[in-house]
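The chain contents come next:
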Amino acid sequence: MYVAVKGGEAAIANAHRLLADRRRGDRALPAIGIDQIVAQLGLAVDRVMAEASLYDRALAALAIRQARGDMIEAIFILRAYRTTLPRFGYSKPVDTSAMVIERRVSATYKDLPGGQLLGPTFDYTHRLLDPSLLADADIDAPLEREDSGEPVMRVSDILAGEGLVEDDGSLPDGHVPGDITREPLEFPMARDLRLQALARGDEGFLLALGYSTQRGYARTHPFVGEVRIGEVEVELDMTELGFSVSLGRIQITECQMIAQFKGSAKTPPQFTRGYGLVFGQSERKAMAMSLVDRALRAEEFGEDVVAPAQDEEFVISHSDNVQATGFVEHLKLPHYVDFQAELALVRRMRREYEEKLAGSTDDIAEAAE
Amino acid sequence: MASVQKSADPGATDADGERRRAIGLLAKATRAELQSAFDALDDKPDAQPVRGPETGLVMVRGRIGGGGAPFNLGEATVSRASIRLGDGTVGHGQTLGTDGAKARLAAIFDALFQQPTSKAAVERLLAAIAARVAGEDAAKARQTAATRVDFFTMVRGED
């Protein structure tokens, strides 16, 4: 017999009211504004956009405020919101070589066209808490220097000129880019689908996997050919007009990871590559993504699949933190009936075990007599 | 080699190119820029809605390795609107974000851009938008240039 149990409506409503109170906190303090979150917690906003797979700074900031700063909750909220909107179409591929650059560094070439542009980076800071930020001290305006106007050439194009690195990564002619928001995941998957999944994958998960490859679990001996951060145009074909138009610019981070050589009877030895592309300013994520992209190409290069980072199904199936948190967190929801069934089972097993034990001691006693 | 993205579609006419430039600049305008230009118009156009304003998503694509096969990077919010002026001229506006009112204003200016009588006024607006964007880009480029590393080599005196 199945007996439905209801209840909890009042408790849930009151809990959500309490949540709203705790989210607001001390009313004597001013409420934090969405524009303040966008302006002053910009990298948190960028992470939410990247992992929600939805570029909209104001909505991401709203999600962060609503989630009380819980990033995965904010990502969940924004990911859910995107399902309420119609899809207008697919943009033309963004052109990262035409990026309006805010930062570009290369670990492989010291003097490359365009130079090493540090931009607004945490690198070379001492990671000491800064007490001046306890107060709202005046901040110096950034220094300026005449822009060289030199094109900021992509490092992959420099290496490609010598033929020492593999191509950007082509797929068979006529291949239509897959879309994990439209089709269920199927393995094995093409590299375009993997990159889409990785681009919205959890930063911490990809970071750990990328790190594991450095520690020897699928070592590829990588170099950062280049990391670049800046704005690119998003263009959409307008069917009404018969040409494409710009919708504006978005900020993205791109990482070209250059890994160790492969060659075959047909192709001479050359560097291989991993690619990372992420919404917003998100260097750690872009680097981790490019390491994992390279590791996942193991079979393509005839490498032995021996490490977690090379296991496509393992990596892609567990990279989405919205899915992961849903399945882990559902464990706290009522499982009363399930648990009762297991309790009854373990009680019966215990009874049988004790009866068997009692029986065998009787046997021993009989044997002794 | 990286494939180079064409900045204009093959077969596009000069008029298409002009309009493409106008729509692209209107997308980069702020709502305030469009609103104040609208407020400054002597004859307020009678713009009837054809579609929207509505907000939806565009799936932004990247290319593997930067120049290889396309892949889907993630979506962005886009707002768009189409309007028709009294004489039947249709204007389209679309812009990243959720500001439908801005898309509608952009659509009005796209329509006005196609009309000889109002084109000059729209050109002035476009020039102002282009100048602001170029100024912001140049300032950012100069700030970035100040963070460029100047390498120098220490004389080590090994001889």
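None of these values were measured; they are calculated from a predicted model.

Asks: Give a description of the overall build of chain B that names residues and reports values.
Replies: Looking only at helices and strands, chain B features 4 helices and 3 strands. When the helices and strands of chain B are read in sequence order from the N terminus, they spell out α-α-β-β-β-α-α. Within chain B, the proportion of its 159 residues that are buried is 49%. Of all intrachain contacts in chain B linking residues separated by at least 6 positions in sequence, the fraction that spans at least 24 positions is 53%. Entry remark: accessible area of chain B is about 7600 Å², with carbon and sulfur atoms responsible for 53%.

Asks: Outline the overall build of chain A, supporting the account with residue identities and numerical values.
Replies: Looking only at helices and strands, chain A features 12 helices and 6 strands. C-alpha atoms of chain A, sized along the principal axes, occupy 100 × 70 × 55 Å. Residues classed as buried in chain A amount to 41% of the 369 residues present. In chain A, the proportion of contacts linking residues at least 24 apart, taken out of those at least 6 apart, comes to 64%.

Asks: Describe helix α9 (residues 283-295) of chain A, with residues and values.
Replies: The periodicity of an α-helix, 3.6 residues per turn, causes residues three or four positions apart to be oriented the same way. Along its 13 residues, α9 of chain A runs 18 Å from first to last C-alpha, staying within 8% of the 18 Å computed at 1.5 Å per residue. Among all positions in α9 of chain A, only E283, K285, A286, A288, M289, S290, L291, V292, D293, R294 and A295 of chain A are buried.

Asks: I'd like a description of the interface of chain B and chain A, backed by residues and values.
Replies: Each side of the interface is counted separately: chain B has 60 residues, and chain A has 79 residues. Here chain B is connected to chain A by 9 salt bridges. A salt bridge links R51 of chain B to E240 of chain A, with the nearest nitrogen and oxygen atoms 2.7 Å apart. Our count for the contact surface shared by chain B and chain A stands at 34 residue pairs in polar contact (both at pLDDT 80 or more).

Asks: Report on the confidence of the model for chain B, specifying residues and quantitative values.
Replies: All names here are of chain B. Per-residue confidence for chain B gives a mean pLDDT of 89; residues scoring 70 or more make up 90%. Contacts for the low-pLDDT stretch residues 1-9, under 50 throughout, to residues beyond four places or in other chains number 20 contacts. Scored as a complex, the prediction yields pTM 0.92 and ipTM 0.92.

Asks: Tell me about the nonpolar core, residues and numbers included.
Replies: Where a protein is soluble and globular, its nonpolar side chains tend to be buried together. The biggest cluster of nonpolar side chains holds 69 residues, and the ones touching the most others in it are L78, L198, I250 and I252 of chain A together with L73 of chain B. The dominant element in this core, judged by the number of residues it contributes, is α9 of chain A, at 6 residues. If sequence neighbours within four positions are ignored, I252 of chain A has contacts with V94, T96, M99, R228, I229, G230, V232, L277, V278, F279 and G280 of chain A together with L73 of chain B. Formed by 24 residues, the second largest nonpolar core is a distinct cluster that contains L41, A106, A111 and L112 of chain B.

Asks: An account of the side chain of D46 of chain A is needed here, citing residue identities and associated values.
Replies: Residues and elements named next belong to chain A. Examined against the element boundaries, D46 turns out to sit in helix α3 (residues 42-52). By relative accessible area, D46 is classed as buried at 2%. Ignoring anything within four residues of it in the chain, the contact list for D46 reads R57, Q251, F279, G280 and Q281.

Asks: Mind laying out the layout of surface pockets, listing which residues take part and the relevant values?
Replies: Each pocket or cavity is described by its volume, and for the largest pocket that value is around 900 Å³. Along the wall of the largest pocket there are 28 residues; nearest its centre are R249 of chain A together with A27, K28, L96 and K102 of chain B. When residues of the lining of the largest pocket are traced back to their parent elements, those giving at least two are α4 (57-66) and β5 (243-262) of chain A together with α1 (14-28), β2 (70-84), β3 (90-96) and α4 (116-145) of chain B. Taken together, the residues of the lining of the largest pocket break down into 10 nonpolar, 6 polar and 12 charged.

Asks: Tell me about the packing of helix α3 (residues 100-113) of chain B against α4 of chain B, and name the residues and values.
Replies: All names here are of chain B. One way to put it is that α3 packs onto α4 with a least axis distance of 8 Å and a crossing angle of 130 degrees. In terms of axis orientation, α3 runs oblique to α4. Of the residues in α4, those touching α3 at F109, L112 and F113 are S118, K119, V122, E123, L125 and L126. Split into classes, the residues belonging to the contact of α3 with α4 amount to 6 nonpolar, 1 polar and 2 charged.

Asks: Provide a residue-level description of the pairing of β5 of chain A, including the pertinent values.
Replies: Residue and element names in this part refer to chain A. By the criterion of burial, β5 is predominantly enclosed, with 16 of the 20 residues buried. Sheet topology places strand β4 (residues 223-238) next to β5; 15 bridges connect them, and they run antiparallel. Each residue of the ladder has a partner; that of I229, found in β5, is T253. Counting the residues in the hairpin turn of β4 and β5 gives 4 residues, including G242, whose phi is positive at 85 degrees. The pairing of β5 with strand β6 (residues 270-279) spans 9 bridges and is antiparallel. Bridge pairing in β6 links I252 to F279.

Asks: Before we move on, can you summarise the pairing of strand β2 (residues 87-93) of chain A with the specific residues and values?
Replies: Counting buried residues along β2 of chain A, 6 of its 7 residues qualify, which places the element largely inside the surrounding structure. Bridge analysis of β2 of chain A against strand β1 (residues 48-63) of chain B gives 4 bridges, and the strand direction is parallel. Across the sheet, residue Y90 of chain A finds its bridge partner in β1 of chain B, namely M59 of chain B.

Asks: Explain the sheet that holds β5 of chain A to me, using residue names and the numbers behind them.
Replies: Taking strand neighbours across the sheet as the criterion, the 4 strands line up as β3-β4-β5-β6 (chain A) in an open arrangement whose pairing is antiparallel. The sheet terminates laterally at β3 (100-105) and β6 of chain A, the two strands that pair on one side only. For this sheet, the mean angle separating the axes of adjacent strands, direction not counted, is 30 degrees. Of the strands in this sheet, β4 and β5 of chain A touch α1 of chain B, which is tilted by about 85 degrees from β5 of chain A.

Asks: Kindly report on the environment of L296 of chain A, identifying the contributing residues and their values.
Replies: Residue and element names in this part refer to chain A. Of note, L296 is situated in the loop between α9 and α10 (312-318). L296 sits 262 residues away from I34 along the chain, and the two C-alpha atoms are 38 Å apart. In this structure L296 touches R194, L198, A309, Q310, D311, E312, V315 and I316, once residues within four positions along its chain are discounted.

Asks: Account for the side chain of E102 of chain A, with residues named and values stated.
Replies: Note on placement: E102 of chain A falls in strand β3. Buried E102 of chain A, no salt bridge; nearest opposite-charge side chain is K140 of chain B, N-O distance 4.1 Å. With near-sequence residues (within four places) excluded, E102 of chain A lies in contact with G119, P120, I229, G230, E231 and Q251 of chain A together with K140 and T144 of chain B.

Asks: I'd like a description of the pattern of salt bridges, backed by residues and values.
Replies: All names here are of chain A. One pass over the full model with this rule turns up 44 salt bridges over all chains. A salt bridge links D293 to R191, with the shortest nitrogen-to-oxygen separation between them at 2.6 Å. Here D293, found in helix α9, pairs with R191, found in helix α7 (residues 191-199); they are 102 residues apart in sequence, far enough to count as distant. A salt bridge links R194 to E312; its shortest N-O distance comes to 2.9 Å. Residue R194 is located in helix α7, and its partner E312 is located in helix α10; the two are separated by 118 residues in the primary sequence.

Thresholds, definitions, all that
Residues numbered from 1 in each chain as written. Chains lettered and ligands numbered in written order. Predicted model: local features only at pLDDT ≥ 70, side-chain atom pairs only at ≥ 80, totals over all residues. Heavy atoms only, no water. Helix = DSSP H or I, 4+ residues; strand = E, 2+ residues; numbered from the N terminus. Buried < 20%, exposed > 50% of the residue type's maximum accessible area, 1.4 Å probe, protein only. Contact = heavy atoms within 4.5 Å. Areas by Shrake-Rupley, 256 points an atom, 1.4 Å probe, with all protein chains shown as cover. Expected span 1.5 Å × (residues − 1). Salt bridge = Lys/Arg side-chain N within 4 Å of Asp/Glu carboxyl O. Polar contact = N/O pair within 3.5 Å; in protein donor to acceptor, adjacent residues only side chain to side chain. pLDDT = per-residue confidence, 0-100. Core = buried A, V, L, I, M, F, W, Y, C linked by side-chain atoms within 4.5 Å. 1 Å grid on protein atoms, 1.4 Å probe; cavity = no way out; pocket = protein on both sides within 12 Å on 5 of 7 lines; lining within 4 Å. Points joined across faces, edges and corners; volume = space filled by probe spheres on them. Nonpolar A, V, L, I, M, F, W, Y, C, P; charged D, E, K, R; others polar. Axes fitted to C-alpha atoms, helices over the stretch in contact; angles between N-to-C directions. Parallel < 35°, antiparallel > 145°, perpendicular 65-115°, else oblique. Pairing = 2+ DSSP bridges. Lys, Arg positive; Asp, Glu negative; His and termini not counted.

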